[in-house]
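Spelled out, the chains give:
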Amino acid sequence: MTPKVARFLRDSMPATPCLVLDVDRVEENYRRMAAALPLARIYYAVKANPAAPILERLVGLGSSFDAASWEEVSACLEAGARPEAISFGNTVKKESAIRAAHAAGVRMFAFDSEAELRKLARSAPGARVYCRILVGNDGAEWPLSRKFGCEVAMAKELMVLAGELGLDPYGISFHVGSQQTKTAAYEAAIAKVAMLFTDLKEAGVNVRMVNLGGGYPVRYRQEVPEIDDFGAAIMGAMAEHFGNALPEIVIEPGRFMVGDAGVVSAEVVLVSRKGAEDPVRWVYLDIGRFGGLAETEGEAIKYAFRTPHDGGAEGPVTIAGPTCDSTDTLYEKSNYRLPLALESGDRVELLATGAYVTTYASQKFNGFQPLAEHYL
Ligand SMILES: *Cc1c(COP(=O)(O)O)cnc(C)c1O
């Protein structure tokens, strides 16, 4: 938690649940990322947190943007981004959204299938397109499985076809899965892309960009490698596989850029036990799976907690949200322990929750309002 966030929570005591985010920390993260990968162009993955103060700060820093929908494209434009600085990176787009983005001046689009490529040829003629390939997601705490990307052999065919359809077959992208804790995931993916580049050049395709996607991790309960470790591994692999013929490099950090800038402030609604002898207490918070903590699904992302009683004796807990749905249980198997003194009415903080929280909140399930947001 940054000093600015701590001061705001202490002095303003905002109603809970809320996200408090220090935009200066986003700027620091942008600068750290740029220093770790100086040859890469940064396209902030807007979905991680699309709040205007974040987008506006990043526009001022010269960032580009990875948008997944026409609505996200619009949000970037409203924040002052130039259309040339926006990549429409979702491989699954409504054709009306492609048309709208193209009319607004967006000229870079992702695809991973022939049907999508034909939509682009019709509705974004002449645009730069890049093909997303499937790569391993081992090491990612929030993997993306096979939903996006295609096999390398298909990517080759589609990049050739892109040129025939009058599009500019500009590059290849991948995503190693979010909260990726292993630098080797990028190295393996880069090796795969380099082989495809060789094949494409032989086939006469003027491919010239590699998009390394997102995945760069944030520290929650466990240490993760530093961003400089990822930078070194990535540039090492790029040099090894591309030598002096380095292509343009694009990265799309989402979580890394905003995660540790924000804190969710929540209230303990109830602490109870299921039997007099049960050692495990149930701790119910005023935020849960439906209030924005969607990434606790499968206990994938394990947030760190701060309480007013830290340092005192602790015991095992199950942590749950406030709604009447049993899937609104956050952590049952991840060995969470919280202070024995914790009680109803205490305020707790969930650390490093600036990414993938505000927009994952449901509309009034059980009557609860979506998370309030404060940008400092
Ligand atoms: C979600 C997403 C990102 C951002 O991923 P992080 O793990 O948050 O860095 C980047 N690129 C694409 C295409 C995405 O879908």
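Residues numbered from 1 in each chain as written. Predicted model: local features only at pLDDT ≥ 70, side-chain atom pairs only at ≥ 80, totals over all residues. Heavy atoms only, no water.

1. As for the pattern of salt bridges
Any two side chains of opposite charge can pair if their charged atoms end up close together.
Piece 1. As enumerated under the stated definition, the model contains 21 salt bridges in all.
Piece 2. The partner of Asp11 in a salt bridge is Arg10, with the nearest N and O atoms 3.2 Å apart. The burial state of Asp11 is the same as that of Arg10; both residues are exposed.
Piece 3. Through salt bridges with shared partners, one network takes in Lys4, Asp22, Asp24, Glu27, Arg31 and Arg57. (Salt bridge = Lys/Arg side-chain N within 4 Å of Asp/Glu carboxyl O. Buried < 20%, exposed > 50% of the residue type's maximum accessible area, 1.4 Å probe, protein only.)

2. Structural notes on the packing of aromatic side chains
Piece 1. Evaluation of the coordinates by the stated rule reveals 12 aromatic pairs.
Piece 2. Connected via pairs of aromatic rings, a cluster forms that spans Tyr186, Tyr216 and Phe230.
Piece 3. Positioned over the ring face of Phe88 is Lys93, at 5.8 Å from the centre of the ring. (Phe/Tyr/Trp six-rings, centres within 6.5 Å; stacked < 30°, edge-to-face > 60°. Lys NZ or Arg CZ within 6 Å of the ring centre and 35° of its normal.)

3. Some details on the nonpolar core
Piece 1. In this structure, Tyr44, Phe109, Ile172, Phe174 and Tyr216 are the most contacted members of the largest nonpolar core, which totals 102 residues.
Piece 2. Element by element, the count of residues in this core is highest for helix H8 (residues 184–202), at 9 residues.
Piece 3. Taken domain by domain, the makeup of this core includes at least three residues from each of domain 1 (23–257) and domain 2 (260–375).
Piece 4. Once residues within four sequence positions are removed from consideration, Phe109 is found in contact with Phe88, Lys93, Ile98, Ala101, His102, Leu120, Ala124, Ala127, Arg128, Val129 and Tyr130.
Piece 5. Formed by 8 residues, the second largest nonpolar core is a distinct cluster that contains Val5, Leu9, Val20 and Val263. (Core = buried A, V, L, I, M, F, W, Y, C linked by side-chain atoms within 4.5 Å. Helix = DSSP H or I, 4+ residues; strand = E, 2+ residues; numbered from the N terminus. Domains from an automatic or database assignment. Contact = heavy atoms within 4.5 Å.)

4. Considerations on the site of the ligand
Piece 1. As a matter of local geometry, the ligand sits amid 13 residues, with Lys47, Ser178, Glu252, Arg255 and Tyr356 nearest to it.
Piece 2. One of the side-chain N or O atoms of Glu252 is found 2.6 Å from a nitrogen atom in the ligand.
Piece 3. Contacts to the ligand include Arg255, whose backbone N or O atom sits 2.8 Å from an oxygen atom.
Piece 4. Taking 390 Å² as the accessible area of the ligand by itself, protein coverage stands at 91%.
Piece 5. Most atoms of the ligand, that is more than half of them, are within 2 Å of grid points of the largest pocket.
Piece 6. Along the lines of polarity and charge, the residues of the shell around the ligand split into 3 nonpolar, 5 polar and 5 charged. (Near = heavy atom within 4 Å. Polar contact = N/O pair within 3.5 Å; in protein donor to acceptor, adjacent residues only side chain to side chain. Areas by Shrake-Rupley, 256 points an atom, 1.4 Å probe, with all protein chains shown as cover. 1 Å grid on protein atoms, 1.4 Å probe; cavity = no way out; pocket = protein on both sides within 12 Å on 5 of 7 lines; lining within 4 Å. Sits in = over half its atoms within 2 Å of the grid points. Nonpolar A, V, L, I, M, F, W, Y, C, P; charged D, E, K, R; others polar.)

5. Points about the packing of helix H7 (residues 152–164) against H8
Piece 1. In the contact formed by H7 and H8, the axes pass within 10 Å of each other and the chain directions differ by 40°. With respect to each other, H7 and H8 are oriented oblique. In this structure, H7 meets H8 at a crossing whose hand is right-handed. Residues Val152, Ala155, Lys156 and Met159 of H7 pack against Lys192, Leu196, Asp199 and Leu200 of H8.
Piece 2. When its residues are assigned to classes, the contact of H7 with H8 shows 5 nonpolar, no polar and 3 charged. (Axes fitted to C-alpha atoms, helices over the stretch in contact; angles between N-to-C directions. Parallel < 35°, antiparallel > 145°, perpendicular 65-115°, else oblique. Left-handed = near helix turned anticlockwise from the far one by under 90°.)

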